[in-house]
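# Architecture at a glance
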Amino acid sequence: MNSNLTGDSPNFVTHLECGLKGDHYPAGVVHGLSQAGRPLLVRYDLGKIAQAVSKEEIASRPQDLWRYREFLPVKKKENIVSLGEVVTPVLRLDKVQKGKGPLFVKDEGRLPTGSFKARGLCMAVSMAKELGIKRVAMPTNGNAGAACAAYASRAGIEAFIFCPDDTPQVNVREIAMQGGKTWLVNGLITDCGKIVGEGKEKHGWFDFSTLKEPYRIEGKKTMGLELAEQFHWHLPDVILYPTGGGTGLIGMWKAFQELKSIGWISKMPRMVVVQAAGCAPIVKAWEEGKEHAELWQGAKTAAWGIRVPAAVGDFLMLCAVRESQGFATTVTDEELLAAREECAKKEGFLLCPESAATLAAYWQELLTGRIRPEESVALFNCAFGAKYDLPAVTAQLDRGQALNLA
Ligand SMILES: *Cc1c(COP(=O)(O)O)cnc(C)c1O
């Protein structure tokens, strides 16, 4: 980390491609959505990547996200905007495991700004810097905005962040502290997204909404690359993902496809979408066999990060679920809050509410048989657990009583 900070990063990007129609777009210039209004996917010369780097070479590199640089879009090292994106640990959860196969959690709460949004935003901001973008705007339920503000400030890029007005205060304040121009909106993330869409011409904002620029997926892809490497290139049987905009699900599936095509992995995991019963557009579309999801009316859940009534990458999520022979399911807020408490008390591991939904779903689906008892299962703790409101503690003690405590 000194003489290596400038110069070319190995770059194997060939073009960008519409995730729906497959038409091509040139790399190296600013893009939002495709002409069809759908997410663009970055394509690489995978054969050349496989020639340029080996698993052994990667294993010898520093334990951070940039160890996978051949699979990433940044061209010049000086454009990398980093806050120290560590490889996150994978832990066993033996006490809340209810099947015979092992249960794992990858703890993404260790990343900068306390959530896995750092993966996506460090890549999106690095690419914005590389492409000369000076002002970005995004709608957020909290964690994406926090990561955006932090990386943008570090890069000297202005960030305008729009949050629903009931977003947890800790998130809103974090965004503002980290230099984001922060606005509270009396509506949901979709309403915030509309403000960004309508204001971008006038204010010269580049639209950083989930999947409306091509590079957040590439950052999130590293979650899948890391998982594969940590499991010695033999992935767990089932991955449960708390699904909002779907960047992580789509990014991981893209990682697995790229690794498979160069022969580094063989068996693909089953991808499972988990949503809250109070906001489950992707689950509804999956159950109805549709390719796209409808806007979910009256979205409501305590798991803020997955309160996303509509997602522009809906078809990519549904495709990953179908191709991987996974499924989509919901749990109630009561179930996810109970799972969160049980895991914290028994394992000493405080999940964020979104990820607690996946633990509750794991228990539920072992009972329905959609997860088989012998299958190994991976969850992701998407954000640091104490970043959220926690139940208040009321026990108060007179100093004189202290010695009589059991
Ligand atoms: C953003 C977020 C999610 C949802 O992730 P997507 O990739 O957008 O579906 C889940 N949990 C937490 C804590 C989040 O911040």
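Calculation rules
- Residues numbered from 1 in each chain as written.
- Predicted model: local features only at pLDDT ≥ 70, side-chain atom pairs only at ≥ 80, totals over all residues.
- Heavy atoms only, no water.
- Pairing = 2+ DSSP bridges.
- Helix = DSSP H or I, 4+ residues; strand = E, 2+ residues; numbered from the N terminus.
- Buried < 20%, exposed > 50% of the residue type's maximum accessible area, 1.4 Å probe, protein only.
- Contact = heavy atoms within 4.5 Å.
- 1 Å grid on protein atoms, 1.4 Å probe; cavity = no way out; pocket = protein on both sides within 12 Å on 5 of 7 lines; lining within 4 Å.
- Points joined across faces, edges and corners; volume = space filled by probe spheres on them.
- Nonpolar A, V, L, I, M, F, W, Y, C, P; charged D, E, K, R; others polar.
- Domains from an automatic or database assignment.
- Near = heavy atom within 4 Å.
- Polar contact = N/O pair within 3.5 Å; in protein donor to acceptor, adjacent residues only side chain to side chain.
- Areas by Shrake-Rupley, 256 points an atom, 1.4 Å probe, with all protein chains shown as cover.
- Sits in = over half its atoms within 2 Å of the grid points.
- Axes fitted to C-alpha atoms, helices over the stretch in contact; angles between N-to-C directions.
- Parallel < 35°, antiparallel > 145°, perpendicular 65-115°, else oblique.
- Left-handed = near helix turned anticlockwise from the far one by under 90°.
- Right-handed = clockwise from strand over helix to strand, strands pointing away.

## Here we look at the sheet that holds strand β3 (residues 40-44)
Read from one edge to the other, the open sheet built from three strands follows the order β2-β1-β3, with strand pairing classed as antiparallel. In this open sheet, the two strands that pair with only one neighbour each are β2 (24-25) and β3. Examined bridge by bridge, strand β1 (residues 13-18) and β2 share two bridges and lie antiparallel to one another. If you follow E17 over to β2, its bridge partner there is H24.

## Examining the side chain of N79
Along the chain, the position of N79 falls in the loop between α2 (55-59) and β4 (90-92). Taking the relative accessible area as the measure of exposure, N79 reaches 13% and is therefore buried. Not counting the four nearest positions on each side in its chain, N79 is found in contact with V74, S126, K129 and E130.

## Examining the layout of surface pockets
By volume, the largest pocket is sized at about 730 Å³. Sorting the residues of the lining of the largest pocket by element identifies α4 (143-155), α6 (189-203), α7 (216-230), β10 (238-242), α8 (247-261) and α9 (281-287) as the ones contributing at least two each. Top element by residues in the lining of the largest pocket is α6. It accounts for four residues. The residue makeup of the lining of the largest pocket, split by class, is 22 nonpolar, 18 polar and eight charged. Residue assignment places the lining of the largest pocket across two domains, with domain 2 (90-114 + 215-387) and domain 3 (117-207) each supplying three or more.

## Details of the site of the ligand
Taken together, 19 residues lie around the ligand, and K117, Y241, G244, G246 and G248 are the ones closest in. The backbone of T247 places a nitrogen or oxygen atom 3.1 Å from an oxygen atom of the ligand. Within the backbone of G248, a nitrogen or oxygen atom sits 2.9 Å from an oxygen atom of the ligand. Protein contact buries 97% of the 380 Å² of open area that the ligand shows by itself. Put simply, the ligand lies in the largest pocket. Sorting the residues of the shell around the ligand by element identifies β10 and α8 as the ones contributing at least two each. For the shell around the ligand, a count of residues per class yields eight nonpolar, eight polar and three charged.

## Re the sheet that holds strand β9 (residues 206-207)
Sheet strands line up and pair through hydrogen bonds in the backbone, either parallel or antiparallel. Overall, parallel pairing links the four strands, which are arranged β8-β7-β6-β9 in an open sheet. The open sheet has two free edges, formed respectively by β8 (181-185) and β9, since each of these has just one partner strand. Pairing between strand β6 (residues 135-139) and β9: two bridges, direction parallel. Directly across from V136, in β9, lies its bridge partner F206. Seen against the sheet, α4 touches β6 and β7 (158-164) and runs at an angle of roughly 170° to β7.

## Here's the deal with the packing of α8 against helix α10 (residues 314-323)
Across the interface, α8 lies against α10 with an axial gap of 9 Å and an inter-helix angle of 50°. Relative to α10, the element α8 is oriented oblique. Crossing hand, α8 versus α10: left-handed. For the pair formed by α8 and α10, the contact residues are L249, I250, W253 and Q257 on the first element and L316, M317, A320 and E323 on the second. Its residues assigned to classes, the contact of α8 with α10 comprises six nonpolar, one polar and one charged.

## Remarks on the pairing of β10
Burial analysis of β10 places five of its five residues in the buried class, the great majority of the element. Burial along β10 is two-sided: V238, L240 and P242 and I239 and Y241, pointing in opposite directions, are all buried. Taken together, the five bridges between β10 and strand β11 (residues 270-276) define a ladder with parallel strand orientation. When the bridges of β11 are listed, Y241 appears paired with V273. Following the backbone out of β10, through α8 and into the adjacent parallel β11, one traces a crossover that is right-handed. Pairing analysis gives two bridges linking β10 to strand β13 (residues 377-381), with the strands arranged parallel. Within β13, the position partnered with I239 by the bridge is A378.

On their own, these measurements won't tell you what the molecule is for.
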